[in-house]
Structures are given as structure tokens and as C-alpha cells.
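Reading the structure
Chain by chain, the residues:
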Amino acid sequence: MLVLLSTFVHLWWLNRFRDGFPLDIDESRYLQFGMSLKDALADGGVRGFWRIWEAQQDFGPLLPLTSVPVYVILGESVLNGMATQLVFFAVLALASYGIGTRLTSRTGGALVALVVATAPAVVDFTRTYQFPVTAAAMLAASTYALLASDGLSRRDWSIAWGTLLGLTALARTMMIAFIPVQVVAALWLALGRPGARRQRAENLAIGTAAGVLTASVWFATSWGSVVDYLTNFGYGDRSASFGTEKSRLSVGYWTQELVETVREDLYLPLSFLLVLALGLGLGAFALRLRQRSASPPWRTRLRAWTFTDTAVVLFVVVTAYVLLTSSRNQGVGFRVPVVAGVVALAVASIWSLPWRRVRAALIAGLIAVSAVNAVMKADVVKAVSGAEIVDVPGVAAAPVLKGRGYIQGYMVGALEANPPSATEPLPESQKRWLPAYRRLVAGIRGAARKQEDLPLVGLATLEPLLNPNNLTLAARLTFHQDLPVAALSAPPRGATLGSYRTLLSQAPCPSVLITVSRLGLSYRVLTGEQTLDQKLLRRAAASLGFARLVSVALPNARHAIVMRRPPTVPSCRGIAEAGTHRGGAMETARRP
């Protein structure tokens, strides 16, 4: 019932707040890839599908892959793609219930599922075509399968665990950090629990093989790109550009992590209750261990506890999170996968408390906060969905209520406009972005058909709402074909006519150029580079023979100007490959 009701609310919200409105820069690329898979399957069968599948090596493909059946049945559209996320939301809620049931009871499992399903970060990312909820669902499902295997004594659940672990690796590149943790936990259970060790060892080997086989469907062709990514954006020099320089051994770093968790993921009421429950549970656990009259001795009981389901969940959550935060790249939604485990541990702590009234108060508090969170994120009641921020010592400004989620904040910032209230969608005028992309693409493709050559498009800006990903998605929606697009970087020798002529003449050089009447305010924020002088660039293009094709009005009172190099002028090849990576670099520029 919880999953069905939540799904209905999410669908209603997507129709009201997202249908026709602009997309996050990463969403455009992920949606385009899923549609490319569907079109390739329809046009070229399995071989065509595999050609597109193996060519994509930059991000976990599980969510776009899951969208393919949706596109086949319901048709290709942005909203149909977004609705795919609800599959993983359901998996997350059901797996959370399963973990909670293993740690407590069915009632406890229902409470875990309720809290997880209404957690602010889970709700926010369920309504985006991004990977945090996908990754959280697969981690929760694989963790539950490990618990349900009863220490890997059951072969069916052992195989399910390995398969789900392989899918976890496919959910998001950063989830690789979680894989060794679960393998170590499984090894600990297989070798540490008494009896049938040989059978458990066999099941561990079979489950691990199932995971490797599942993950190899993508990693067999993409492992080189993944390693390159991890050694650059994950742990290399470039990771420093997307995170903090604070030492992981400093109090300041972990204080910042706590603050961001409260501000972005859980908000203050839920954070307070979870910390209180965990703290009281830890205290009660310590008291039980130290009871002198208890037998056997506390060290023996502690060692026995380390093989329990609660210990497995605690190990997975803490160790994986520590490994995850070892990267300086802080990304988007990185903490969401551990929410289910943290909530399950907090509810298990409540169940373990010897004080009946305290247990009842904490349970009632979690139910009340979950109900408020659900209403708050539905964005229908102004009094609940409006922002209520309080100053907390050590945490600073923390939200008690905040209906506007991540994607709404992104859009407001991208539009560089005053935000509407949390209960109101963006103005209808903002639904003109996708039609504008379509007009740009149609003009480019029309000229290409006349001149019988493939356009290689150089985009002279890189903004949240005008970037290569938006145009490639528009081309896929309009023509069911790819359009190679790359964002041009400012020349290192400064803005001169000569440097811009060189920029347009050296590989990869475009046969089509898109400039804007003026750059958006967020251009420098995204690129971190010197801005491109649009007028001077057009002058340089004209001197090289580029002719103006069309000017398209954008919803923010600007114009995008399309210029084309005549077919008689030689042009460079290579931007087709560069365009894919430059356009998608924004995904890795935030986190894998």
C-alpha cells in the first residue's frame, strides 16, 4: 500500500512539476542513451543494441537500460523515462522492509520502509532521472539478499545476492566502492558462523561468480574507462576540483559531512530522531554487555554479535561510507545509498531498548516525521512545503521543512530567475526550452540533408540549460538519430580573431557553429574557464566561410545563432567522438 500510494503521488508530481520543463544536464544524457538503446534494438536488433551498449563507457547503464521496455511499450518521451525511476523506488522500499524485518519484526520492517520512502533525499531523487535512488535500491536489495541467505547457507539467496551485487555495480560508477565491503561481509559470515562451512563457501563462490558475470555485461567493455575515471575524477588530481580539501582525519571534514547530511538528505527532525535512536540503542547495548551476572562473558557475546544481521548491516553502512568519502569528489546524492541501512539500524536500536515508553515515543516520532515529510514533498500545502530554517549550533542553518527539492533548486538556479513558491511549478514559458532545442536541431539537420554530409556541431557555450546533452536529446526525440555536439573551450592565448580562427580550424573543428546573443551568468561556473566572446567568434567564423543558417529565440530573452561551414571548405573529423565525452563530462564533473 505504501509503495502504491507513493507511486501515485510521484506520478502526479512529475506531471505537475516536470512534464515539459527543463532537465538537469545529466538527465538529458542519460535519457538520450536509453532512447538510443531502444532505437538501436528496433532498427538493428540485438547487434544494433550491442553496438550502442558497448560504445557507452562513462556511466552506470542500469537506469537507462530499465527504461528501454518502457519506451517500447509507452513510447519515447521524457516523462516516460522519468517514470522508470519508480521501479527502483519500489525496490528500495521493499528491500528496506525486508532488512527491517530481519533486524526487528514485520512491524519494524514497515516502519523502516515508511521512513526510507519519505526521507527527503529519497523523495527528491526519485523525481529525477539520476542515479542515487537506483544505486540505493540495488545496495538495499543486495544487502537484504545477503541477510536472507542466512550466512550463505541458502543457495538460491546466495545467487540472488551475487546477481544483485553485480547490478549494484551497474547502477552507478561510484557504487564500485560498496562491492568489496559486501564481499568481505559475506566471507566473514561464510567462515565465521558455525557449521556447514564448506556449503557456505561453495555458495559464496557461486554467488560471487554470479555477480562477476552480471557486472561483466558492461564492465567487460568499459573497465578501461572506469579505471581512467576513478584515477582522475575519483582519486586523481581532477577530483580536487569537485570537493573539499579538508583532511579525512580532521574533525572539520566529518563535521561538514554531518552538516550536509542534515541539510541535504534528512533535514533536522528526521536527523534528530535517528541520532537519538542510535545513541540510545548503543547505550543499551553497552549496558547489556557489561552486566556482570550475564553469561557467557561480554567478550564472547560481543564476538557472537558480530555474526548477526545487525552487525552485517552496520559493517556495510560504515565501511562503505568511509571508502566512499575517501574520494575528494563529493558529487550529487552520494549519501543516499546508505539511508536505508542507517534507518534500519536506528529502528533496530529502538526495538532493543528496555524502556517501553521511550520506544513508543520514538516510534510515534518517526511515524509523525514521515507523515510530515510526505506532505511536505507533495508540494500541495504551502504551510508545510514552505522553507522553515533554524540555526543549530554546530550545524548552522538546517531545514525543518523544505518542500522544494534538489531538482527544483537546480532549475531555479539554471534559469537565473526568482523561484516560484514550492507549491507552484515553473512558469509555462519555461516549457519552451525543448521546442527551442528541436528548432535548432531541425535547422541543422535540414541543412545537412541538403548538403548530404554529417554535421559536426560546435557549441560556443556550456550552461545548465544550453549544452551538448540537451541538443543530443532533442535530436534523438525528433529524428531518432544522434547529433555529435561538443562545447568549445576558450583558446589559451586569449580572445583574438586569430585565436578564434585557429579554434575553428584545428581538430576537432565543427562544420556547424552555435553561438548565443549573450552568455548566461552560470557559464563561468560550469566551465571554470575564460568566457568565449560570442561576437568575435562569429566574426572569425564568417571569415572562414561560415554562413548564418537560423536564429532561434530562447525562453530567457536570448537567441541562439546557427552558422554553417560551406561543404566546399574542408573540415576536420573527430568531433563526433569528442562530442560524446565533452557533452557528458558534466556527469563526471559532479560525481560518477
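Everything that follows concerns the structure shown earlier in this document.
Below, the structure is looked at part by part. Since the model is a prediction, treat every value here as computed from it, not as a measurement.

What counts, and at which threshold
- Residues numbered from 1 in each chain as written.
- Predicted model: local features only at pLDDT ≥ 70, side-chain atom pairs only at ≥ 80, totals over all residues.
- Heavy atoms only, no water.
- 1 Å grid on protein atoms, 1.4 Å probe; cavity = no way out; pocket = protein on both sides within 12 Å on 5 of 7 lines; lining within 4 Å.
- Points joined across faces, edges and corners; volume = space filled by probe spheres on them.
- Helix = DSSP H or I, 4+ residues; strand = E, 2+ residues; numbered from the N terminus.
- Nonpolar A, V, L, I, M, F, W, Y, C, P; charged D, E, K, R; others polar.
- Expected span 1.5 Å × (residues − 1).
- Buried < 20%, exposed > 50% of the residue type's maximum accessible area, 1.4 Å probe, protein only.
- Arc of directions from axis to C-beta.
- Contact = heavy atoms within 4.5 Å.
- Polar contact = N/O pair within 3.5 Å; in protein donor to acceptor, adjacent residues only side chain to side chain.
- Axes fitted to C-alpha atoms, helices over the stretch in contact; angles between N-to-C directions.
- Parallel < 35°, antiparallel > 145°, perpendicular 65-115°, else oblique.
- Left-handed = near helix turned anticlockwise from the far one by under 90°.
- Core = buried A, V, L, I, M, F, W, Y, C linked by side-chain atoms within 4.5 Å.
- Pairing = 2+ DSSP bridges.
- Phe/Tyr/Trp six-rings, centres within 6.5 Å; stacked < 30°, edge-to-face > 60°.
- Lys NZ or Arg CZ within 6 Å of the ring centre and 35° of its normal.

In total, this model carries 5 cavities of 30 Å³ or more according to the counting rule given. The volume enclosed by the largest cavity comes to roughly 140 Å³. Forming the boundary of the largest cavity are 16 residues, of which Phe17, Gln408, Met411, Pro425 and Leu426 lie nearest the centre. Taken together, the elements giving at least two residues each to the lining of the largest cavity come down to helix 1 (2–17) and helix 18 (406–415). Sorting elements by how many residues they give to the lining of the largest cavity places helix 18 first, with 4 residues. Looking at the lining of the largest cavity residue by residue, the classes come out as 11 nonpolar, 2 polar and 3 charged. Within this model, the second largest cavity holds a volume of roughly 90 Å³. Surrounding the second largest cavity, Ile99, Leu139, Ala140, Thr143, Phe178, Val313, Val316, Val317, Pro337, Val338, Ala340 and Gly341 form its lining. Taken together, the residues of the lining of the second largest cavity sort by class into 10 nonpolar, 2 polar and no charged.

Glancing now at helix 1. For helix 1, built from 16 residues, the straight-helix expectation of 22 Å at 1.5 Å per residue is met to within 8% by its first-to-last C-alpha distance of 22 Å. Those residues of helix 1 that sit buried are Val3, Ser6, His10, Trp13, Leu14 and Phe17. Along the axis of helix 1, the buried residues cluster in a sector spanning 100 degrees; they form a single face. Along helix 1, the residues that are exposed and aim more than 90 degrees away from the buried face are Leu4, Leu5 and Phe8. Buried residues along helix 1 sit against helix 4 (78–83), helix 5 (85–103), helix 7 (120–126), helix 16 (356–378) and helix 18.

This part is about the side chain of Ser370. With respect to the element layout, Ser370 can be found in helix 16. Judged by its relative accessible area of 2%, Ser370 falls in the buried class. A polar atom in the side chain of Ser370 sits 2.8 Å from the backbone oxygen of Leu366. Non-local contacts of Ser370, meaning those with residues more than four positions away in its chain, are made with Leu114, Val115 and Thr118.

Time to look at the packing of helix 10 (residues 179–192) against helix 14 (residues 309–324). Where helix 10 meets helix 14, the axes come as close as 9 Å, and the angle between the chain directions of the two elements is 150 degrees. If you check the angle between helix 10 and helix 14, you find them roughly antiparallel. Along this stretch, helix 10 crosses helix 14, giving a crossing that reads as right-handed. Contacts between helix 10 and helix 14 pair Val181, Gln182, Val184, Ala185 and Leu189 from the former with Val312, Phe315, Val316, Thr319, Ala320 and Leu323 from the latter. When the residues that make up the contact of helix 10 with helix 14 are grouped by side-chain class, the tally is 9 nonpolar, 2 polar and no charged.

Our focus in this paragraph is the layout of surface pockets. Of the volumes computed, that of the largest pocket is approximately 1000 Å³. Along the walls of the largest pocket sit 32 residues, with Leu278, Leu314, Val318, Val342 and Leu345 positioned nearest its centre. Listing elements by their share of the lining of the largest pocket, those giving two or more residues are helix 12 (251–289), helix 14 and helix 15 (339–352). The element that contributes the greatest number of residues to the lining of the largest pocket is helix 12, accounting for 16 residues. Classifying every residue of the lining of the largest pocket gives 20 nonpolar, 9 polar and 3 charged.

Glancing now at the nonpolar core. Grouped together as the largest cluster of nonpolar side chains are 133 residues, with contacts concentrated most on Phe178 and Leu366. Examining the composition of this core, we find that 11 residues originate from one element, helix 8 (residues 132–148), more than from any other. What Leu366 contacts, discounting residues up to four positions off in sequence, is Leu111, Val115, Leu270, Leu273, Leu274, Val347 and Ile350. Grouped together as the second largest cluster of nonpolar side chains are 17 residues, Leu532, Ala540, Ile561 and Met563 included.

Turning next to unusual backbone geometry. With a phi angle near 70 degrees, Tyr267 is a residue other than glycine that sits in the positive phi range. Tracing the sequence through the fold places Tyr267 in helix 12. Despite not being glycine, His480 shows a phi value in the positive range, around 55 degrees. Note on placement: His480 falls in the loop between helix 20 (468–479) and strand 4 (485–487).

Strand order in this open sheet of 5 strands is 4-3-5-7-6, and the pairing throughout is mixed. Bordering the open sheet on either side are strand 4 and strand 6 (547–553), each of which pairs with just one other strand. With strand direction ignored, the average angle separating the axes of adjacent strands in the sheet is 25 degrees. Looking at chain direction, strand 5 (residues 512–516) and strand 7 (residues 559–564) are connected through 5 bridges and run antiparallel.

Before going further, it helps to spend a moment on the packing of helix 2 (residues 25–55) against helix 3 (residues 62–74). Packing of helix 2 against helix 3 leaves a shortest axis separation of 8 Å and a crossing angle of 75 degrees. By the angle between their directions, the pair helix 2 and helix 3 is classed as roughly perpendicular. Every residue of helix 3 that contacts helix 2 at Tyr30, Leu31, Phe33, Gly34, Met35, Leu37, Lys38, Leu41, Phe49 and Trp53 is listed here: Pro64, Leu65, Val68, Tyr71 and Val72. Class assignment for the residues of the contact of helix 2 with helix 3 results in 13 nonpolar, 1 polar and 1 charged.

Here Ser222 shows up in helix 11 (residues 197–234). With a relative accessible area of 0%, Ser222 lands in the buried category. A polar contact is formed between the side chain of Ser222 and the backbone oxygen of Trp218, at a distance of 2.9 Å.

Moving on, we get to the packing of aromatic side chains. Applying the stated rule across the entire model yields 14 aromatic pairs. Considering the side-chain rings of Phe285 and Trp305, the 5.2 Å spacing of their centres and the 45 degrees angle between planes classify their relative orientation as tilted. Of this pair, Phe285 sits in helix 12 while Trp305 sits in helix 13 (residues 298–305), placing them 20 residues apart in sequence. Trp305 sits in the partly exposed class, given a relative accessible area of 25%. Residues Tyr406 and Tyr410 carry aromatic rings whose centres are separated by 6.5 Å and whose planes lie at 35 degrees to one another, so their mutual orientation is tilted. Linking Tyr406 with Tyr410, this pair stays in helix 18, spanning 4 residues, or about one helical turn. Pairwise contacts between aromatic rings join Tyr30, Phe33, Phe59 and Phe131 into one cluster. When the ring centre of Phe17 is taken as reference, the NZ or CZ atom of Arg16 above it lies at 5.3 Å. Directly above the aromatic system of Phe479 lies the positively charged group of Arg445, at a separation of 5.6 Å from the ring centroid.

Functional significance is not addressed by these values, which are geometric in nature.
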